[in-house]
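# Structural overview for review
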Amino acid sequence: MKLKNKGRKIYKTKEKNYYGKSPVGKFFSALLSVLLIGGVGFLGYSVAGPLIDYSRKQGDEEPETVSAMEEIPADTSSADDGKEEKKKPVKDKSIYRAVMLNEYDMASIEGIKTAIGRVSKQQDFEYIEVPLKLSNGKLTYKSSVQKITESDIKQSEIKLTDIVKAIKKEGYKPSAYISVFADNTIPDVYAQCGYMLSETVSAWRDADSHTWASPFSAEYKEYLSLVVAEMTKAGFEKIVCSDIAFPEFSRWDIEELNDNRLENPERYTFLENASDGLYNDIKASDADMFIEISACDLISGKAEIMQSEVVLADKIVLDINLDDIAGGVDTGQTVYEFEGNVSENVTKMLGLSEEFLDGYSIAVRISGKYSNIADIMRTADDIKEMGYTSFILG
């Protein structure tokens, strides 16, 4: 807690009264005082001066003299000395305003065109964000990556180039949305891309019987790099990467996997390394990489990728899911309730999240089943007043 600044104390000297003395007496008294002060001053300097000169090392700067009339700076010391104050997130670096299509829009190229046509031209959206790799790992387009073409994984017939063409025809720019490690498609076929059970060749599965892609797997990271290369080559300018995370392991899962890395308090570095590699691949293709994190996970301490000293990303997308926060958010220490309207809830979550987003350029995503577009657009205006100019709907 910082100490309160009580202000500068000003001390005043009291003048001596000479009432009762004659004018001559006053004169001699004043003259005597001057002589005494001058003598003491001279004597003091003649003794102290050589001592100061002697003790001063050669090359030392002359000490600063402070006039008694100069302002004495206020004491700024505090109990938090040594700790830097949190900077505000960088909110004005570049503007990204997008509408995200949903999984059902991706059933056909006609469905994509229809969804793009529903976007209001009056809302100043610049990008159409397309879910190209879902949270189950399935691709919503026809891929040429060998791991897909040589397997029995069911493919879409939609070409990436056709998606880009449809978006640009309506005057928008294309961006891609991908789930990074929440993938139970590739590890189902290539177990070495996921978490392996100890002393077996079997893939680990979570409580829902789903496999997960592993940041420990060089083979999976290579696959991911090839998938992203397809997207940037087709013309997607931004790649929004979600689910850069570990699954929630139970104590039994940890024992079954028998992998010390999973219990390492710095295991986030494996996510960081995988993310950095992805960032370098994307930037090499002249595209931008955004990292999406859940606002609920962020304030609850579950967004492990944000433990990194520096997260390589052109933007951090903060996903405020209205469904997730409707019942309150329990951080383990505090339960935050969100009982206001859309704008009040979103701005409250932004306030709670800011301290974790030190120095990053932020885009705010409002997601969930809530579909009153008027309320959501009013919210976009409200967060713009807070300095957040990048906004994603969906």
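Residues numbered from 1 in each chain as written. Predicted model: local features only at pLDDT ≥ 70, side-chain atom pairs only at ≥ 80, totals over all residues. Heavy atoms only, no water.

Of the residues in the chain, 76% have a pLDDT of 70 or more, and the chain-wide mean is 81. Counting interchain partners and residues more than four positions distant, the pLDDT-below-50 stretch residues 1-88 has 25 contacts. (pLDDT = per-residue confidence, 0-100. Contact = heavy atoms within 4.5 Å.)

The next point concerns the pattern of salt bridges. All told, the structure shown has 15 salt bridges when counted by the stated rule. Two residues, D314 and K283, come together in a salt bridge whose shortest N-O distance is 3.1 Å. With a gap of 31 residues between them, D314 in the loop between α9 (295-300) and β6 (315-321) and K283 in helix α8 (residues 268-284) connect regions that are remote in the sequence. Taking the relative accessible area as the measure of exposure, D314 reaches 17% and is therefore buried. (Salt bridge = Lys/Arg side-chain N within 4 Å of Asp/Glu carboxyl O. Helix = DSSP H or I, 4+ residues; strand = E, 2+ residues; numbered from the N terminus. Buried < 20%, exposed > 50% of the residue type's maximum accessible area, 1.4 Å probe, protein only.)

Taking strand neighbours around the barrel as the criterion, the 8 strands line up as β1-β2-β3-β4-β5-β6-β9-β10 in a closed arrangement whose pairing is parallel. For this sheet, the mean angle separating the axes of adjacent strands, direction not counted, is 25 degrees. Here 6 bridges tie strand β2 (residues 127-133) to strand β3 (residues 173-179), and the two strands are oriented parallel to one another. Note on β3: the bridge partner recorded for E129 is S175. In the packing of helix α6 (residues 218-234) onto the sheet, contacts are made with β2, β3 and β4 (238-242), and the angle to β2 comes to roughly 145 degrees. Contacting β6 and β9 (362-367), helix α11 (residues 342-353) crosses the sheet at an angle of about 135 degrees to β6. (Pairing = 2+ DSSP bridges. Axes fitted to C-alpha atoms, helices over the stretch in contact; angles between N-to-C directions.)

A cluster of acidic residues, E248, D297, D323 and D324, forms a negative patch on the protein surface. Mapped onto the secondary structure, D323 falls in helix α10 (residues 322-326). (Patch = residues over 30% accessible without salt bridge, like charges linked within 9 Å, V, L, I, M, F, W, Y side chains within 5 Å. Areas by Shrake-Rupley, 256 points an atom, 1.4 Å probe, with all protein chains shown as cover. Lys, Arg positive; Asp, Glu negative; His and termini not counted. Charge placed at Lys NZ, Arg CZ, Asp CG, Glu CD.)

The next point concerns the packing of aromatic side chains. Evaluation of the coordinates by the stated rule reveals 11 aromatic pairs. Arranged with centres 4.9 Å apart and planes meeting at 85 degrees, the rings of Y96 and F290 form a pair that is edge-to-face. Of this pair, Y96 sits in the loop between α1 (23-55) and β1 (97-100) while F290 is found in strand β5 (residues 288-294), placing the two residues 194 residues apart along the sequence. For the pair formed by Y96 and F290, the shared burial category is buried. Plain terms: the ring middles of Y195 and W204 are 5.9 Å apart, the flat faces sit at 85 degrees to each other, and that makes the pair edge-to-face. Accessibility assignment for this pair places Y195 and W204 in one class, buried. (Phe/Tyr/Trp six-rings, centres within 6.5 Å; stacked < 30°, edge-to-face > 60°.)

Right, let's get into helix α12 (residues 373-385). The end-to-end C-alpha distance of α12 is 19 Å, a good match for the 18 Å that 13 residues give at a rise of 1.5 Å each. When we look at burial in α12, the residues that qualify are I376, M377, T379, A380 and I383. Seen along its axis, α12 keeps its buried residues to an arc of 150 degrees; they face one direction. If you check the start of α12, you find a side-chain oxygen 3.1 Å away from the backbone N of A374, and it comes from N372. G387 sits one or two residues past α12 and shows a positive phi near 105 degrees. (Expected span 1.5 Å × (residues − 1). Arc of directions from axis to C-beta. Polar contact = N/O pair within 3.5 Å; in protein donor to acceptor, adjacent residues only side chain to side chain.)

All right, on to the side chain of S308 then. Residue placement: S308 occurs in the loop between α9 and β6. In terms of polar contacts, S308 uses its side chain to reach the backbone carbonyl oxygen of I305, at 3.0 Å. Once you skip the residues sitting within four places of it in the chain, S308 turns out to touch Y268 and E272.

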